[in-house]
Protein chains: 2
Amino acid sequence: MKRILILGCGMVGSTIAADLSDKFDTAVADSDRKKLSSISQNFNLKTEIIDLRKKGAIQMLIKDYDIIVNALPGSIGYATLEAIIGEGKDVVDISFFPEDAFNLDTAAREKNVTAVVDCGVAPGLSNILLGYHYSKEKLSSFACYVGGLPFERTHPYQYKAPFSPSDVIEEYTRPARIKEGGELKIKPALSEQELLNFRNIGTLEGFNSDGLRSLLITMDIPDMKEKTLRYPGHAEAVRLLRDTGFFSSDEIKINGMDIKPVDLSSKLLFDIWKLKEDDDEFTIMQVFIDSEMKRYNYFLFDRKDKETGFSSMARTTGFTCTAVVNLLAEGRLKHKGITPPEYVGMDEMNFRYILNYLSERKVAVEFSEQKL
Amino acid sequence: MKRILILGCGMVGSTIAADLSDKFDTAVADSDRKKLSSISQNFNLKTEIIDLRKKGAIQMLIKDYDIIVNALPGSIGYATLEAIIGEGKDVVDISFFPEDAFNLDTAAREKNVTAVVDCGVAPGLSNILLGYHYSKEKLSSFACYVGGLPFERTHPYQYKAPFSPSDVIEEYTRPARIKEGGELKIKPALSEQELLNFRNIGTLEGFNSDGLRSLLITMDIPDMKEKTLRYPGHAEAVRLLRDTGFFSSDEIKINGMDIKPVDLSSKLLFDIWKLKEDDDEFTIMQVFIDSEMKRYNYFLFDRKDKETGFSSMARTTGFTCTAVVNLLAEGRLKHKGITPPEYVGMDEMNFRYILNYLSERKVAVEFSEQKL
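To keep things clear, this report deals only with the structure shown in the data block. All of these numbers come straight from a predicted model, not from anything done at the bench.

**What to know about the environment of B:Ser312**
Residue and element names in this part refer to chain B.
- Take Ser312: it is sitting in helix H11 (residues 312-329).
- On the accessibility criterion, Ser312 (0% relative accessible area) is buried.
- Remark: the alpha-carbon pair of Ser312 and Glu281, spanning 31 residues in sequence, is separated by 6.9 Å.
- In contact with Ser312, other than residues within four places in its own chain, are Glu281, Phe282, Thr283, Asp302, Arg303 and Lys304.
- Here the side chain of Ser312 touches Glu281 through a polar contact of 2.6 Å, side chain to side chain.

Spelled out as structure tokens, the structure:
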């Protein structure tokens, strides 16, 4: 039986660990003892305390495992992935670190490692869908609209974040790289707002965000974009904060103290944006993939599982990840080196496996196609 | 010839000094040498440097003058007025300090001083208009809508301030005291937004602000309110900041430093809200005074004087003040002690004098009445 270690027992990491514990010799590692004891009461898995400040801690920890899942925060994600690759371990990464994973490609190939990166819902599942169609025919465009939202809309932000405000603010400030007419274009974050209607949910607003990542390098498609979905009004509200300077990381002097406005804003927004335990929430993703003659349309809608308490974000991200862990464990991922999810989707059997895996866990992805 | 001293040579103080210099032995005092030398080049007046940190500086300075105008910032306004009264000098005050002026009433009476306070446009002229009608008949309601705005509307605030952002923020946070059905009501700042249309200007939005001040004590009128006017959208934008906590004066800890969010916000908004030298701007005031049978309607619209460079805010505030200085100089203000402008308006001759004085300076106040 393969031995799997999940690094990080946060919302997503714990969902991943729970899902894998049925089938594998599973362990989950975190620095927070409380989180570990909570999950070990409900699932058949081992727990490991990690002290991330200790040099070599990751290396020591992972050597007894066959496959590693990196579910640590993005800020330490890249260094962790580098350490995992250094130990020659296959890995599925959902830490969404800001660095370019391809910088580790040579190292991963040398160690004969398969390192699947960005393996969540978007990036992640969206890349898998695109990879599949890309392997079949020439594509002209890709558009992904995605968001995680609370059902309860509270003025003025109408938003709750399943992760820290500073990560959300990062999405609202980092310029978005998209493809237009075959060219790489840099658009301001929050730009090109458009309204879209969704059944049962109503009108949401999409705006450019920097989510294409590996697709910008791996896909030869002239038009590609990712837009983040929020309730109408949210983008306007956070633009106001951004344009006033509240998201700036440049220090300014206040009564002799050097302050980064974004640090204050993160603090103030933390309570307002905090997703509470009993907040009902959903994840929505609409993907349009166009070839010359056809549009392929994928629609995902998932909500919190009240039985398990797993949020839709943890479910859609986590189950995409665990589907790929299963493929890895079964030796069905042949690609060595850095492996973005679009590579995984290029294999039709694997593509079908993942959609089926999600469907078994009631993450429903609707598919339709139309002639153009 | 009466000797008049203006304390403070800011936007309004300098306009007051310029206006009085024609007719009186006028001096203006400030701590800023540059401001003084600029005005003394253009007008026939004396200048005095004041060092406000020096104890007794105000007392020393004012003893050679007959009438004092207090045009210093509100933060030091009350202490300055107290010093002026202590020296037994008649005074017109436009420092709009937050303290209750009536606490100085006994001291002023003992010194046989007339101290006209809050003598700008609103409070100020609005009080004078109300005082006049109050002296004539029983009134049922008073409503004052007032604002100073730039002609150029820039997203998202559509606003420029002729004074520091922290004073504006104060308006957006201090609860508004109004009268409703004969009772004092405390309403949140920025509450009860309503849209109003104005000829040539278009639609503006009014919201509660705490501007009634002395009227809450001196007038027995069941319904009274003041609303601040801004372009639609402004209130929503500043509410967002307020409701997120950016206007809070409670210190919060950021990386070990104690920061008041309002200090950061004032700093960030300073540049965005700063009224530049060549920004064209206007002041608008709509006053409704109702008796049982009639509505009296006053409408003031004033814009920057391009010839003199005096802003509409400086003109409307300053010329109301200088009209009252003239009344004081001519011995036409009989009331002793703290004298809010409504007391000045109760004398019909003085009321007419002030409107005529403003009209001569092209601050036009339109009047109409209608049966109710």
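**Quick look at the sheet that holds strand E17 (residues 337-339) of chain A**
Residue and element names in this part refer to chain A.
- What the seven strands build is an open sheet, ordered E3-E2-E1-E4-E5-E6-E17; its pairing is parallel. Two strands lie at the open edges of the sheet, namely strand E3 (46-49) and E17, each paired on one side alone. Neighbour-to-neighbour, the strand axes of this sheet turn through a mean angle of 20°, independent of strand direction.
- Pairing geometry for strand E1 (residues 3-7) and strand E4 (residues 67-70), over four bridges, is parallel. Bridge pairing links Leu5 to Ile68 in E4.

**Considering the interface of chain B and chain A**
- The partner chain A presents 26 residues to the 26 residues of chain B that form the contact.
- On the chain B side of the interface with chain A, the three residues burying the most area are B:Leu240, B:Phe246 and B:Leu264, jointly 24% of the side's total.
- On the surface where chain B and chain A come into contact, there are zero salt bridges.
- Where chain B touches chain A, the interface holds eight residue pairs in polar contact (both at pLDDT 80 or more).
- Secondary-structure elements contributing two or more residues to the side of chain B that touches chain A are helix H9 (234-244), strand E13 (252-254), strand E14 (257-259) and helix H10 (261-273) of chain B.
- For the side of chain B that touches chain A, the leading source of residues is H10(B), giving eight residues.

**What to know about the relation of the copies chain B and chain A**
- Rotating chain B by 180° and translating it 0.0 Å along the rotation axis places it on chain A, where the RMSD comes to 0.0 Å. Given the turn and translation reported, the copies of this chain are related as if by a two-fold rotation axis.
- Mapped onto chain A, 100% of the interface residues of chain B again fall at the interface, so both copies present the same surface.

**Structural notes on the packing of helix H1 (residues 11-21) of chain B against H11(B)**
Residues and elements named next belong to chain B.
- The N-to-C vectors of H1 and H11 enclose an angle of 45°; their axes lie 8 Å apart at closest approach. As the angle between them shows, H1 and H11 are arranged oblique. H1 and H11 meet at a crossing whose hand is right-handed. Residues Met11, Val12, Thr15, Ile16, Asp19 and Leu20 of H1 pack against Met313, Ala314, Arg315, Thr317, Gly318, Phe319, Cys321, Thr322, Val325 and Asn326 of H11.

**Things to note about the packing of helix H9 (residues 234-244) of chain A against H9(B)**
- Packing of H9(A) against H9(B) leaves a shortest axis separation of 11 Å and a crossing angle of 75°. In terms of axis orientation, H9(A) runs roughly perpendicular to H9(B). Counted together, A:Ala237, A:Leu240 and A:Leu241 of H9(A) and B:Ala237, B:Leu240 and B:Leu241 of H9(B) form the full contact between these two elements.
- Classifying every residue of the contact of H9(A) with H9(B) gives six nonpolar, no polar and no charged.

Rules used in this analysis
- Residues numbered from 1 in each chain as written.
- Chains lettered and ligands numbered in written order.
- Predicted model: local features only at pLDDT ≥ 70, side-chain atom pairs only at ≥ 80, totals over all residues.
- Heavy atoms only, no water.
- Helix = DSSP H or I, 4+ residues; strand = E, 2+ residues; numbered from the N terminus.
- Buried < 20%, exposed > 50% of the residue type's maximum accessible area, 1.4 Å probe, protein only.
- Contact = heavy atoms within 4.5 Å.
- Polar contact = N/O pair within 3.5 Å; in protein donor to acceptor, adjacent residues only side chain to side chain.
- Pairing = 2+ DSSP bridges.
- Axes fitted to C-alpha atoms, helices over the stretch in contact; angles between N-to-C directions.
- Buried area = accessible area lost by both parts, 1.4 Å probe.
- Salt bridge = Lys/Arg side-chain N within 4 Å of Asp/Glu carboxyl O.
- Least-squares fit on C-alpha atoms with pLDDT ≥ 70 in both.
- Parallel < 35°, antiparallel > 145°, perpendicular 65-115°, else oblique.
- Left-handed = near helix turned anticlockwise from the far one by under 90°.
- Nonpolar A, V, L, I, M, F, W, Y, C, P; charged D, E, K, R; others polar.

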